Amino acid sequence: MFDFDATLPFMALQFLLLAALLNVIFYKPLTKVLDDRDNYIRTNTLEAKESLAKASRLAAEYEQQLADARRQSQAILEAAQVEAKKITAEKIAEAQKEAQSQREQAAIEIEQQKQEALRTLEQRVDALSRQILEKLLGQPVVR
């Protein structure tokens, strides 16, 4: 059925020569291109992961700074409100003291005017009384 004469070794040698030639001409450059491509993809993937990790760290850091800034601004705002309330309370107390002082001064002035009016009124009453007595008695009244 099969003839194993010199054709078989020649065909085997031809096959091995073709395999070696294809390996040198086609497979090695193709394998090199595939390896280079694999290295390029692997490198880019690692760089992308590192960039993503760095971006995540920066985002977390910025969020922390933003939260700190918000807390600080809230504390400043609360301190300003407390200070404003304190100043307002001081101004109100000062205004109340001034109003009380003015009321007391007005009460003193009113009392003085009242006393002055009473003295003036007493003098007029005395003068009118003398005049009435003089008219009733018909003679000057000496006091």
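Residues numbered from 1 in each chain as written. Predicted model: local features only at pLDDT ≥ 70, side-chain atom pairs only at ≥ 80, totals over all residues. Heavy atoms only, no water.

1. Looking at the overall build of the chain
Item 1. Counting its regular elements, the chain contains one helix and zero strands.
Item 2. Taking 15 Å as the expected radius of gyration for a compact globule of 143 residues, we find that the chain reaches 59 Å, considerably beyond that expectation.
Item 3. Along the longest, intermediate and shortest principal axes, the C-alpha atoms of the chain span 190 × 20 × 20 Å.
Item 4. Taking all 143 residues of the chain together, 0% fall into the buried category.
Item 5. Carbon and sulfur atoms provide 62% of the accessible area of the chain, an area that totals close to 13,400 Å².
Item 6. Across the chain, the centroid of the 20 positively charged side chains sits 8 Å from that of the 22 negatively charged ones. (Helix = DSSP H or I, 4+ residues; strand = E, 2+ residues; numbered from the N terminus. Rg over C-alpha atoms; globule rule 2.2 N^0.38 Å. Buried < 20%, exposed > 50% of the residue type's maximum accessible area, 1.4 Å probe, protein only. Areas by Shrake-Rupley, 256 points an atom, 1.4 Å probe, with all protein chains shown as cover. Lys, Arg positive; Asp, Glu negative; His and termini not counted. Charge placed at Lys NZ, Arg CZ, Asp CG, Glu CD.)

2. Here's the deal with a nonpolar patch on the surface
Item 1. A surface patch of nonpolar side chains, about 850 Å² in accessible area, is lined by L18, L21, L22, V24, I25, F26, Y27, L30 and L34.
Item 2. Positionally, L21 belongs in helix 1 (residues 7-137).
Item 3. Judged by relative accessible area, which is 47%, L21 ranks as partly exposed. (Patch = residues over 30% accessible without salt bridge, like charges linked within 9 Å, V, L, I, M, F, W, Y side chains within 5 Å. Salt bridge = Lys/Arg side-chain N within 4 Å of Asp/Glu carboxyl O.)

3. Focus: the UniProt feature "transmembrane region" (unreviewed entry) in the chain
Item 1. The residues that UniProt annotates with the feature "transmembrane region" (unreviewed entry) are residues 6-27.
Item 2. The span residues 6-27 is 95% helix and 0% strand, and its two end C-alpha atoms sit 30 Å from each other. (UniProt positions renumbered as here; feature names shortened; annotations may be inferred.)

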